[in-house]
2 protein chains.
Amino acid sequence: MAARWTTTSARLAPLAVAFVVPWLCYVLEAAEGAPWFWPPIGGGGDDPYCLTWRVMVEANNAKGWRTVPAQCVGYVRGYMAWGQYHRDVAAVAEQAAAYATQVAPPAGGDGLDAWVLDVDDTCLSNQPYYQVKQFGAYDPVAFRAWASRAICPGIPAMQWLLQTLRSRGFRVFVVTGRDEETLGSCTAANLAAAGFSGYDRLIMRGALHRGQSSVAFKSAVRRQLVEEEGYRIRGNVGDQWSDLQGDYAGDRVFKVPNPMYFVP
Amino acid sequence: MAARWTTTSARLAPLAVAFVVPWLCYVLEAAEGAPWFWPPIGGGGDDPYCLTWRVMVEANNAKGWRTVPAQCVGYVRGYMAWGQYHRDVAAVAEQAAAYATQVAPPAGGDGLDAWVLDVDDTCLSNQPYYQVKQFGAYDPVAFRAWASRAICPGIPAMQWLLQTLRSRGFRVFVVTGRDEETLGSCTAANLAAAGFSGYDRLIMRGALHRGQSSVAFKSAVRRQLVEEEGYRIRGNVGDQWSDLQGDYAGDRVFKVPNPMYFVP
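Definitions and cut-offs
Residues numbered from 1 in each chain as written. Chains lettered and ligands numbered in written order. Predicted model: local features only at pLDDT ≥ 70, side-chain atom pairs only at ≥ 80, totals over all residues. Heavy atoms only, no water. Helix = DSSP H or I, 4+ residues; strand = E, 2+ residues; numbered from the N terminus. Buried < 20%, exposed > 50% of the residue type's maximum accessible area, 1.4 Å probe, protein only. Contact = heavy atoms within 4.5 Å. Areas by Shrake-Rupley, 256 points an atom, 1.4 Å probe, with all protein chains shown as cover. Pairing = 2+ DSSP bridges. Buried area = accessible area lost by both parts, 1.4 Å probe. Salt bridge = Lys/Arg side-chain N within 4 Å of Asp/Glu carboxyl O. Polar contact = N/O pair within 3.5 Å; in protein donor to acceptor, adjacent residues only side chain to side chain. Nonpolar A, V, L, I, M, F, W, Y, C, P; charged D, E, K, R; others polar. Axes fitted to C-alpha atoms, helices over the stretch in contact; angles between N-to-C directions. Parallel < 35°, antiparallel > 145°, perpendicular 65-115°, else oblique. Left-handed = near helix turned anticlockwise from the far one by under 90°. Disulfide = S-S within 2.5 Å. Least-squares fit on C-alpha atoms with pLDDT ≥ 70 in both. Phe/Tyr/Trp six-rings, centres within 6.5 Å; stacked < 30°, edge-to-face > 60°.

A word on the overall build of chain A
Then step 1. Check the secondary structure of chain A and you find 10 helices and five strands.
Then step 2. Relative to its 264 residues, chain A shows a buried fraction of 48%.
Then step 3. For chain A, the proportion of contacts with a sequence separation of at least 24, taken over those separated by at least 6, is 73%.
Then step 4. Taken as a whole, chain A presents about 11900 Å² of accessible surface, with 60% of it coming from carbon and sulfur.

Re helix α3 (residues 73-81) of chain B
Then step 1. Of all nine residues that make up α3(B), seven are buried, and the element is covered over most of its length.
Then step 2. All of the buried residues in α3(B) are B:V73, B:Y75, B:V76, B:R77, B:G78, B:Y79 and B:M80.

Looking at the pairing of strand β4 (residues 232-238) of chain B
Residues and elements named next belong to chain B.
Then step 1. For β4, the buried fraction is high: six of the seven residues fall into the buried class.
Then step 2. Direction of pairing for strand β1 (residues 113-118) relative to β4: parallel, over a ladder of five bridges. Bridge pairing in β4 links L117 to V237.
Then step 3. As judged from the four bridges shared by β4 and strand β5 (residues 252-255), these two strands associate in the parallel manner. Residue pairing in the sheet places V237 in a bridge with F254 of β5.

Remarks on the interface of chain B and chain A
Then step 1. Tallying the contact residues gives 25 residues for chain B and 25 residues for chain A.
Then step 2. In terms of surface lost to chain A, no three residues of chain B exceed B:T52, B:V55 and B:N61, which account for 23% of the buried area on that side.
Then step 3. Taken together, chain B and chain A are joined by zero salt bridges.
Then step 4. Applying the counting rule to chain B against chain A returns 10 residue pairs in polar contact (both at pLDDT 80 or more).
Then step 5. Among the elements of the structure, α2 (48-58), α4 (84-102) and β5 of chain B are those that each provide at least two residues to the side of chain B that touches chain A.
Then step 6. Broken down by element, the residue count for the side of chain B that touches chain A peaks at seven residues, all from α2(B).
Then step 7. A class-by-class count of the residues in the side of chain B that touches chain A yields 11 nonpolar, six polar and eight charged.

Description of the packing of helix α2 (residues 48-58) of chain A against helix α3 (residues 73-81) of chain A
Residues and elements named next belong to chain A.
Then step 1. Relative orientation of the contacting elements α2 and α3 amounts to 65 degrees, with a least axis distance of 10 Å. Between α2 and α3, the interaxial angle falls into the category roughly perpendicular. Like other packed secondary-structure pairs, α2 and α3 cross with a definite hand, here right-handed. Residues C50, L51, W53 and R54 of α2 touch α3, and the partners they reach there are Y75, V76 and Y79.
Then step 2. Class assignment of the residues belonging to the contact of α2 with α3 gives a composition of six nonpolar, no polar and one charged.

Focus: the state of the cysteines
Then step 1. Across all of its chains, the model carries two disulfides over all chains by this definition.
Then step 2. In this model, A:C50 is linked to A:C72 through a disulfide, with the two sulfur atoms separated by 2.1 Å. On the sign convention where negative is left-handed, the bridge of A:C50 and A:C72, at about -90 degrees about the S-S bond, is left-handed. With A:C50 in helix α2 and A:C72 in the loop between α2 and α3, the pair connects residues that are 22 residues apart, well separated along the chain.
Then step 3. A relative accessible area of 0% places A:C72 in the buried class.
Then step 4. Here B:C123 stays free of any disulfide, with the sulfur of B:C152 as its closest cysteine sulfur at 11 Å.
Then step 5. Note on B:C123: relative accessible area 1%, which makes it buried.
Then step 6. Between B:C152, a free cysteine, and B:C186, which holds the nearest cysteine sulfur, the sulfur-to-sulfur gap is 8.5 Å.

Some points on the sheet that holds strand β3 (residues 201-205) of chain B
Paired through backbone hydrogen bonds, the strands of a sheet run either parallel or antiparallel to each other.
Residues and elements named next belong to chain B.
Then step 1. Within the open sheet, the five strands sit side by side as β3-β2-β1-β4-β5. Their pairing is parallel. Both edges of this open sheet fall to β3 and β5, since each of them pairs with a single strand only. Within the sheet, the average angular offset between the axes of one strand and its neighbour, ignoring direction, is 20 degrees.
Then step 2. Lying over the sheet, helix α8 (residues 180-193) contacts β2 (171-179) and β3, oriented at roughly 135 degrees with respect to β2.
Then step 3. Helix-sheet contacts for helix α9 (residues 214-228) involve β1, β2, β3 and β4, and the interaxial angle to β2 is about 150 degrees.

Focus on the relation of the copies chain B and chain A
Then step 1. Rotating chain B by 180 degrees and translating it 0.0 Å along the rotation axis places it on chain A, where the RMSD comes to 0.0 Å. In short, the pair behaves as if placed about a two-fold rotation axis. Within chain B, the C-alpha atom positioned nearest to the axis of rotation is that of B:A59, 2.2 Å from it.
Then step 2. A share of 100% of interface residues in chain B that are also interface residues in chain A marks the association as one of identical surfaces.

Considering the packing of aromatic side chains
Then step 1. Under the defined criterion, the tally for this structure stands at 29 aromatic pairs over all chains.
Then step 2. Ring geometry for A:Y129 against A:F143: centres 5.5 Å apart, planes inclined by 80 degrees, an arrangement best described as edge-to-face. Here the residue A:Y129 occupies a position in helix α5 (residues 127-132), and A:F143 occupies one in helix α6 (residues 140-148), the gap between them amounting to 14 residues.
Then step 3. Given the relative accessible area of 7%, A:Y129 is considered buried.
Then step 4. Since its relative accessible area comes to 8%, A:F143 is described here as buried.
Then step 5. An angle of 85 degrees between the planes, with centres 4.9 Å apart, marks the rings of B:Y129 and B:Y130 as edge-to-face.

Given below as structure tokens:
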């Protein structure tokens, strides 16, 4: 019996490799936020069509897209989960920190040199959520439910950037289009749990700006900071071009990569 | 004797493959503009560090760089020569054409809807020149000698875009920071030889704008087109962010990829 079992299991081994391992990966993949096991050759840069598309998104050539192109869903998953995304975010954070060092205010200055950081997919990652949704179209109800759980992982390079900006003497304003009334406390809690501390103010979308475009809302926030409070926005960091365009955009802007969704 | 020769040549065959073929490639590579024979896996996107750097360039995060990073010279050569660059340029041209179709003026309009196209590495390619220079620092004397020869290959996707814009009823202005006095006739001849025809005007840098930054010169040209001549700039296409920023930049801008050099 033991011998028979061994023989059978030896026979089944190739089957296990052929079917069970991919199935196991599929199941683990479906589990929220779980990555695949192995990295692709090329660090997420190995599909020519999808690489072209991703670079068009980052250069603001591709606009107004509602979902990741169907043939690029696997590519974007690999890009986000297998290292290239984190390499890219870290490089942007390093560029921003190098620039911040150049323009750092002198010790004992007036305390009005400021940076603006966005929240979603700049400080906090929604990768687990979008991975489960297969990078599909924006679903406000499901997204609110996800955001309410306050379990977005922090993006380590951006946490490092925040601390670097603080240590260089800048004020840091964290600005998000998330609704203040419904997501205010969970967003603050999520930022704290993810290690984001030391920023000056979390500014969220209130009743006054509900329904406005991201560019209009964020421009209004920056206008208030500059015109009414006297800050000089030296840097502005966001994953959407709509964070970085409009009025009072800042002396220099930094685009954090995001091939998962587009906010007009 | 014949048998001996055959035996020797059979023995030498592996040596030929091992040494002669790479040497031949090296020699052909050194010849101006000659590509390598075989494409890399990943279409030029297979070096994680250099891919990060290239995307930072396209997203305008990396600024003011003087040369391609030393470890990315081979990567940039592969990117430019092995297909990914041409895929990327074609995708930008398609985006621009799709947008142009949306905003095309009605038949019998006032003829004042215009596009601006840059010359170097937008319409005409300097890839052969920069490949020989190993993507090194800007060398005004050598570049002028190269440009004077008027042998820059046309970039096919941009030639197609120019024809598409014309067929949609737009005026097209080709604007370049090249010096009019020294490079005027060879630039016009090069554009014609490369198949660029039907544009309305080639506008080059004259004595008035010599020594100005690219942003200042191009803003001045666009101001003239808009304020004095009444054109509406609907689209603006260039390989440098300095083509696409400043005053009167256009309703929408399109960034053509260029990891070879940076113009401030």
